[in-house]
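Read off the chains here:
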Amino acid sequence: MSKNPYFSVIIPVYRVEKYLDDALASVLSQSFKDFELILVDDKSPDRSGNICDEAAESDNRVKVVHLEKNSGASNARNV
């Protein structure tokens, strides 16, 4: 049985390829480590979804949800 993280950070992702690496590095480099990072790819047309997948492969705290169609940041956070 796996231990649940203390809290979750949810980041909606849409057309942020240029900023995503820096944002991920900032969140993942925090001294507190007991959290999960949920990236919600809102059907971004750039490489943002691929960057999310690469982050999930390299850090087990990162989870990725890929939406089927773009529906806005509010809906992405609610997912």
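These numbers come from a predicted model, not from an experiment. (Residues numbered from 1 in each chain as written. Predicted model: local features only at pLDDT ≥ 70, side-chain atom pairs only at ≥ 80, totals over all residues. Heavy atoms only, no water.)

## Topic: the confidence of the model for the protein
Formally: You can read pLDDT as the predictor saying how much it trusts each residue, on a scale of 0 to 100. The way it works is that DSSP assigns letters per residue, a run of H or I at least four long becomes a helix, a run of E at least two long becomes a strand, and they are numbered from the N terminus.
Of all residues in the protein, 97% have pLDDT values of 70 or greater, and the mean over the chain is 93. For the protein, helix α3 (residues 73–78) is the element with the lowest average pLDDT, namely 81, and helix α2 (residues 48–58) is the one with the highest, namely 98.

## Thoughts on the pattern of salt bridges
Put simply, the rule is: Throughout this description, the term salt bridge denotes a Lys or Arg side-chain nitrogen within 4 Å of a carboxyl oxygen of Asp or Glu. Think of it in three bands: with a 1.4 Å probe and only protein chains considered, a residue is buried below 20% of the maximum accessible area for its type, exposed above 50%, and partly exposed in between.
Tallying each qualifying case throughout the model produces three salt bridges. Here Arg61 ties to Asp59 by a salt bridge, and the two come within 2.8 Å at their closest N and O atoms. Take Arg61 and Asp59: they sit in the same class, and that class is buried.

## Some points on the packing of aromatic side chains
Counted only if it meets this: Pairing of aromatic rings covers Phe, Tyr and Trp, the last through its six-membered ring, and needs centres within 6.5 Å; plane angles under 30 degrees mean stacked, over 60 mean edge-to-face, and all others mean tilted.
Per the counting criterion, the structure on display carries four aromatic pairs. Seen from their ring centres, Phe7 and Phe32 are 5.6 Å apart, and the 15° between their planes marks the pair as stacked. With Phe7 in strand β1 (residues 7–13) and Phe32 in the loop between α1 (17–28) and β2 (35–41), this residue pair connects regions lying 25 residues apart in the sequence. Put simply, the rings of Tyr6, Phe7, Phe32 and Phe35 pair up and form one aromatic cluster.

## Focus on the sheet that holds β1
Short version of the rule: Between any two strands, pairing holds if DSSP finds at least two bridges. With axes taken as lines fitted to C-alpha atoms, and helix axes fitted only over the stretch in contact, angles between N-to-C directions fall between 0 and 180 degrees. Residue contacts are counted whenever heavy atoms from the two residues lie within 4.5 Å of one another.
If you trace the three strands from one edge of the open sheet to the other, you get β1-β2-β3, paired in parallel fashion. The two strands at the open ends of the sheet, each matched to only one other strand, are β1 and β3 (62–66). Strand after strand, the sheet turns through a mean of 20° between neighbouring axes, direction not considered. Two elements, β1 and β2, share seven bridges in a ladder whose sense is parallel. Bridge pairing links Val13 to Asp41 in β2. Strands β1, β2 and β3 of the sheet are contacted by α1, whose axis makes an angle of about 160° with β2.

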